[in-house]
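# Observations on chain architecture
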Amino acid sequence: MKKHNYSAGPCILPQEVFEKSAQAILDFNNSGLSILEISHRSKDFVAVMEEARALVLELLNLEGKGYEVLFLGGGASLEFLMVPFNLMKVDGKAAYLDTGTWASGAIKEAKHFGETVVVASSKPENYNHIPKGFTIPSDADYFHCTSNNTIFGTQMKSFPEVNIPLVCDMSSDIFSRVLDFSKFDLIYAGAQKNMGPAGATLVVVKKEILGKTGRTIPNMLDYQQHIDKESMYNTPPVFPIYASLLTLQWLKNLGGIAAIEKINEAKANLLYTEIDRNPLFKGAAVKEDRSNMNVTFLLNDEAHQEKFDAMWKAAGISGLPGHRSVGGYRASMYNALPIESVQVLVDVMQELENKI
Ligand SMILES: Cc1ncc(COP(=O)(O)O)c(C=O)c1O
């Protein structure tokens, strides 16, 4: 039986993506070849890459606005250092907002390249909120933030107006909600939540911000090199890109980001309402900053843990334990998780209340 998969990533993808991916492994486009054995330079795969790049711009409403789309390897973690390599001037500085483990990982890498100003941090409160009211130095080469904090369950509901390039790690909420994506100059995301399987990293970059650092950048780490080679500077992660294309097609057919946003809001509303109503549970993140993707919550009395764990497992739920730095539970509700799975969890929470 298919599980209700709350994994934080890699995570659930649409069932049709699993089915079409499986078919393409056996026989891709009736070619007599598996997607796993074709050249990335073959006509069929070049078409996949072109469609995937175009679909990203279409879904983000960025067509004709000077952006390039890349599918790279290395995960979002490699972008932590590619961003400063490509954007921080020699003797320049960058500004970062510290909202969690991943944001602080990005900060650590930036420090290798130059002055890294942390404009605000919610670390003292174990990252349970998004800092507000900070000042971003206008002479920084860029400002970096993390739109959704996967581990702590917080999400930026608005983004600062800046007159310097705005860079955002959207690994765990890209394609989940309507934003004015043209406000961002560089967006990156590991594929393995809302876009596809692990192994590909999406980078969407406004061309005009590149080439200004005065640094010598190794080819593999140079966005411009990847742009010039249409994201085929080296062998790209062929299969993850194909599965990502299938997921993007699924999203487009559903009605795009506006349609999935409504579904994501309904799912979040269902679960947060239960967390706030049920006297056995409490939310981990400050209410106004709660994430619609990763819902972190705790039992008020840990004595009920064993019983609750047995109940949700028996209901076919998987991947619910929280990250060790928060404890409790984390329900990751990415685009492909159906609202029916959320109802199953809510039912278990109510059943626990009735039993106690
Ligand atoms: C917000 C965020 N940034 C970065 C990462 C690291 O991504 P990767 O494992 O692709 O390097 C993660 C992983 O979960 C994440 O959630």
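A brief report on the enclosed structure follows.

Conventions used here
Residues numbered from 1 in each chain as written. Predicted model: local features only at pLDDT ≥ 70, side-chain atom pairs only at ≥ 80, totals over all residues. Heavy atoms only, no water. Helix = DSSP H or I, 4+ residues; strand = E, 2+ residues; numbered from the N terminus. Buried < 20%, exposed > 50% of the residue type's maximum accessible area, 1.4 Å probe, protein only. Lys, Arg positive; Asp, Glu negative; His and termini not counted. Salt bridge = Lys/Arg side-chain N within 4 Å of Asp/Glu carboxyl O. Polar contact = N/O pair within 3.5 Å; in protein donor to acceptor, adjacent residues only side chain to side chain. Contact = heavy atoms within 4.5 Å. Near = heavy atom within 4 Å. Areas by Shrake-Rupley, 256 points an atom, 1.4 Å probe, with all protein chains shown as cover. 1 Å grid on protein atoms, 1.4 Å probe; cavity = no way out; pocket = protein on both sides within 12 Å on 5 of 7 lines; lining within 4 Å. Sits in = over half its atoms within 2 Å of the grid points. Nonpolar A, V, L, I, M, F, W, Y, C, P; charged D, E, K, R; others polar. Expected span 1.5 Å × (residues − 1). Pairing = 2+ DSSP bridges. Axes fitted to C-alpha atoms, helices over the stretch in contact; angles between N-to-C directions.

Mapped onto the secondary structure, glutamate 79 falls in helix H3 (residues 75-87). One buried charged residue, glutamate 79, remains without a salt bridge, the closest side chain of opposite sign being arginine 53 at 14 Å. Here tyrosine 223 takes part through its side chain, which lies 2.5 Å from a polar atom of the side chain of glutamate 79. With residues up to four places along the chain from it excluded, the contact list for glutamate 79 reads Leu72, Pro84, Tyr188, Thr201, Val203 and Tyr223.

Around the ligand sit 13 residues in total, of which Ser77, Thr150, Asp169, Gln192 and Lys193 are the nearest. One nitrogen or oxygen atom from the side chain of glutamine 192 is found 2.9 Å from an oxygen atom belonging to the ligand. Protein contact buries 86% of the 400 Å² of open area that the ligand shows by itself. Judged by the fraction of its atoms near the pocket grid, the ligand is located in the largest pocket. A per-element tally of the shell around the ligand places H3 first, with 4 residues. By residue class, the composition of the shell around the ligand is 3 nonpolar, 8 polar and 2 charged.

Looking now at helix H2 (residues 43-59). In this model H2 runs 24 Å from its N-terminal to its C-terminal C-alpha over 17 residues, within 8% of the 24 Å that 1.5 Å per residue would give. Listed in full, the buried residues belonging to H2 are Phe45, Val48, Met49, Ala52, Arg53, Leu55, Val56, Leu57 and Leu59. Buried-residue contacts for H2 involve strand S2 (67-72), strand S10 (201-206), helix H6 (238-254) and helix H7 (256-277). Two residues or fewer after H2 comes asparagine 61, characterised by a positive phi angle close to 60 degrees.

This part covers the sheet that holds S2. Pairing is mixed across the open sheet formed by 7 strands, whose spatial order is S2-S10-S9-S8-S5-S3-S4. Of all strands in the sheet, those bounded by a partner on one side alone are S2 and strand S4 (115-121). Averaged over neighbouring strand pairs, the angle between their axes works out to 15 degrees when direction is ignored. Relative to S10, strand S9 (residues 186-190) runs antiparallel, the two sharing 5 bridges. Its bridge partner being in S10, tyrosine 188 is matched across the sheet by valine 203.

What follows is about the pairing of strand S12 (residues 294-299). Most of S12 is tucked away, with 5 of its 6 residues classed as buried. Pairing of strand S11 (residues 281-283) with S12, which is carried by 3 bridges, proceeds in the antiparallel orientation. Bridging from a neighbouring strand, lysine 282 pairs with leucine 298 of S12. Bridge analysis of S12 against strand S14 (residues 329-332) gives 4 bridges, and the strand direction is antiparallel.

The next thing to look at is the sheet that holds S11. The strand order S11-S12-S14 describes an open sheet built from 3 strands, whose pairing is antiparallel. Strand pairing shows two members of the sheet lacking a second neighbour, S11 and S14, which therefore form its edges. Between one strand axis and the next, the sheet turns through 35 degrees on average, direction left out of account. Of the strands in this sheet, S11, S12 and S14 are in contact with H7, which crosses S12 at around 20 degrees. Along the sheet, helix H8 (residues 305-314) makes contact with S11, S12 and S14, crossing S14 at roughly 25 degrees.

On their own, these measurements won't tell you what the molecule is for.
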